[in-house]
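Analysis of the macromolecular model
This is what each chain is made of:
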Amino acid sequence: MAIATKTSASGQTAPGSDPAAPQQRGSYWITTFGCQMNKADSERMAGILEAMGYAPGLDEHTADLVLYNTCTIRDNAEQKVYSYLGRQAQRKRTNPHLTLVVAGCVAQQEGEALLRRVPELDLVMGPQHANRLDTLLSQVESGQQVVATGEHHILEDITTARRDSAVCAWVNVIYGCNERCTYCVVPSVRGVEQSRRPEAIRLEMEGLAERGYREVTLLGQNIDAYGRDLPGITPEGRRQHTLTDLLRFVHDVRGLERIRFATSHPRYFTDRLIDTCADLEKVCEHFHIPFQSGDNDVLRAMARGYTVERYRRILDRIRERMPDAAISADVIVGFPGETDAQYRHTLDLVEAVGFDAVNTAAYSPRPNTPAADWPDQLSEAVKVERLQELNALVETQAKQRSARYAGRCEEILVEGSNPRDPGQMMGRTRTNRLTFFPSSRPDGSVIAPGDLVSVRIDQVRAFSLSGAVL
Ligand code: SAH
Ligand code: SF4
Ligand code: F3S
């Protein structure tokens, strides 16, 4: 949909240049907020921009095209975007050739209202439109202000993403979310579930392996739901396409060493999936399974569809099959009506499980979600107090979990050099602990990104490890 007009966009083909080469269009800058889904979308959009003839810019204050890929999961994430936009809007007043794009979840949530709030914007585009960035920008170039937030069938990605890492890649397998957790804005901004075909996923993974990638993380907001929108029933009467089947289907892609997946929903985490992860060598022993609350009444009010007991059974089964598995999770404190006793049940669960990492958040009321309208909202003071207490427990536990690595030899996939100490390299254990080590082996040979090295762990911290290469 198009409104109003804008002055022409940047860049012209240089005289005498190759007509087949993309037009040179100046520089771009992308700032990404939010989850891995957004990061993956940003990498695809960067790929599209480069195919269009944009070159990576040095910073957001000089780039010719600035794109904010936004997140609205909590109010503070949303507000951050407006302060970034304010600065760019000001720049645009003196530099009308600047192209300003807001993509992602705030774009989807606000749509045209965003244009009213920031009239300097050229393009507002929801997450389902990420693969259409070139088409949308050509509408902008023809002098329109464009809002693309309609429900859209996500097209297979035909461009090559410009990925930040040369070793680890994200691969979307399911977009959207069909759950209705009463606090969550995601279904309203990401739309209904759309699974990619297994063949397309495998093809993308083969291409990544050929280009030297060693690790793939399969992505979905609710990845356990993978395949339920695809047709097909097995002779035994089961759904033909599940995450378990997908893992088996992609597992033997040559050149890939590690496969991960996120985010898992306890409601759909099956024993069959756990057994498959244990059986398939490349699937790493790290599971991110948010529980959100340790209290059954709160879980019911959140409409999560499982109990604490069911959650515990999943973790028990994982640890039975993969005793060293790392478990991480997300949790919310201060959900409307959460009593002190209910909050203590969350502490109890954290205490009992021993998580390797937990993303904690204070409940934030979101537009178009039922819980935002409930009368029993808690004060910020209570939420912050609970959050701080929980964070302290999470850190203590993470330290305890890290301690088990001391003296052990861990297989590390080398990702690159440590940005804070270029003399050091960094990578991760199979269980996803960040690990630092020297940049050469004892025999003097240099370690390169993509190598698998064995590191003897001699320092453990809550969320990272250090050691010597063997
Ligand atoms: N699909 C995943 C999580 C997606 S959102 C799942 O079902 O677990 C990432 C995390 O943000 C959630 O796990 C939740 O802990 C947090 N979150 C979502 N909505 C929130 C809200 N309104 N306030 C605070 N935290 C929220
Ligand atoms: Fe949000 Fe629930 Fe969907 Fe996760 S499963 S994205 S928390 S609605
Ligand atoms: Fe945020 Fe959208 Fe992800 S709201 S957490 S960027 S799905």
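Residues numbered from 1 in each chain as written. Chains lettered and ligands numbered in written order. Predicted model: local features only at pLDDT ≥ 70, side-chain atom pairs only at ≥ 80, totals over all residues. Heavy atoms only, no water.

A separate point is the overall build of the protein. Helix and strand content of the protein: 13 helices and 20 strands. Since a compact globule built from 470 residues should have a radius of gyration of about 23 Å, the 23 Å found for the protein is in line with a globular shape. With respect to the principal axes defined by its C-alpha atoms, the protein has extents near 65 × 65 × 55 Å. For the protein, restricting intrachain contacts to residue pairs at least 6 apart in sequence, the fraction spanning at least 24 positions comes to 71%. (Helix = DSSP H or I, 4+ residues; strand = E, 2+ residues; numbered from the N terminus. Rg over C-alpha atoms; globule rule 2.2 N^0.38 Å. Contact = heavy atoms within 4.5 Å.)

The subject of this paragraph is helix α1 (residues 36-52). Quick reminder: α-helices carry 3.6 residues per turn. Residues three or four places apart thus point the same way. For α1, spanning 17 residues, the distance from its first C-alpha to its last is 24 Å, which sits close to the expected 24 Å at 1.5 Å a residue. Of all 17 residues in α1, 13 are buried; the element is thus mostly enclosed. Just downstream of α1, G53 is the residue with a positive phi angle, here 105°. (Expected span 1.5 Å × (residues − 1). Buried < 20%, exposed > 50% of the residue type's maximum accessible area, 1.4 Å probe, protein only.)

Taken as a whole, the protein is organised into domain 1 (26-148), domain 2 (168-404) and domain 3 (406-469). With 23 residues of domain 2 at the contact, the number on the domain 3 side is 19 residues. Here domain 2 and domain 3 share an interface that buries about 1,700 Å² over both sides, 49% of which is from carbon and sulfur atoms. On the domain 2 side of the contact with domain 3, R258, S402 and R404 bury the most area, a combined 33% of that side's loss. (Domains from an automatic or database assignment. Buried area = accessible area lost by both parts, 1.4 Å probe.)

This next bit is on the sheet that holds strand β11 (residues 215-219). On the basis of which strands lie adjacent, the open sheet formed by 3 strands has the order β8-β11-β12 and parallel pairing. Only two strands of the sheet have a single neighbouring strand rather than two, namely β8 (168-172) and β12 (258-262). Averaged over all pairs of adjacent strands, the angle between strand axes in this sheet comes to 25°, irrespective of strand direction. Alignment of β11 against β12, held across 5 bridges, turns out to be parallel. From the neighbouring strand, L218 faces β12, where its bridge partner is F261. Together, β8, β11 and β12 form the strand contacts of α1, whose direction differs from that of β8 by roughly 100°. The strands touched by helix α8 (residues 243-250) within the sheet are β11 and β12, with β12 carrying the most contacts at an inclination of about 160°. (Pairing = 2+ DSSP bridges. Axes fitted to C-alpha atoms, helices over the stretch in contact; angles between N-to-C directions.)

Moving on, we come to the pairing of strand β7 (residues 144-148). Most of β7 is tucked away: 4 of the 5 residues are buried. The sheet contact formed by strand β6 (residues 123-125) and β7 spans 3 bridges and is parallel. Each residue of the ladder has a partner; that of L123, found in β7, is V146. Between the parallel elements β6 and β7, the chain passes through helix α5 (residues 133-141) in a crossover that is left-handed. (Right-handed = clockwise from strand over helix to strand, strands pointing away.)

Every residue close to ligand 2 is listed here: C177, E179, C181, Y183, C184, V186, P187, Q221, H265 and R304. Per-class residue counts for the shell around ligand 2 are 6 nonpolar, 2 polar and 2 charged. (Near = heavy atom within 4 Å. Nonpolar A, V, L, I, M, F, W, Y, C, P; charged D, E, K, R; others polar.)

In this section: the sheet that holds strand β19 (residues 452-460). Backbone hydrogen bonds hold the strands of a sheet together, and the pairing may be parallel or antiparallel. With respect to topology, 5 strands assemble into a closed barrel ordered β16-β17-β18-β20-β19, the strand pairing being mixed. Neighbour-to-neighbour, the strand axes of the sheet open up by a mean angle of 55°, direction not taken into account. Note: strand β18 (residues 434-438) against strand β20 (residues 464-469), 3 bridges, orientation parallel. Looking at β20, one finds that L434 is bridged to S464.

We now examine the packing of α8 against helix α9 (residues 271-279). Look at α8 against α9: their axes get within 9 Å of each other, and the N-to-C directions meet at 15°. Comparing the axis directions of α8 and α9 gives the class roughly parallel. Handedness of the crossing formed by α8 with α9: left-handed. Facing L243, T244, D245, L247 and R248 of α8, the residues of α9 in contact are R272, L273, T276, C277 and D279. (Parallel < 35°, antiparallel > 145°, perpendicular 65-115°, else oblique. Left-handed = near helix turned anticlockwise from the far one by under 90°.)

Turning next to the site of ligand 3. Lining the immediate surroundings of ligand 3 are C35, N38, C71, T72, I73, C105, R190 and Q221. Grouping the amino acids of the shell around ligand 3 by side-chain chemistry returns 4 nonpolar, 3 polar and 1 charged.

Looking at where R93 falls in the secondary structure, it is placed in helix α2 (residues 75-94). Residue classification places R93 among the exposed residues on the basis of a relative accessible area of 57%. Taking the C-alpha atoms as reference points, R93 and E120, 27 residues apart in sequence, are found 7.9 Å from one another.

Turning next to the packing of α9 against helix α11 (residues 308-321). One can describe the packing of α9 onto α11 by two numbers: an axis separation of 10 Å at closest approach and a directional angle of 25°. Comparing the axis directions of α9 and α11 gives the class roughly parallel. The handedness of the crossing between α9 and α11 comes out as right-handed. Across the interface between the two elements, D271, I274, D275, A278 and D279 from α9 touch I314, R317, I318 and R321 from α11.

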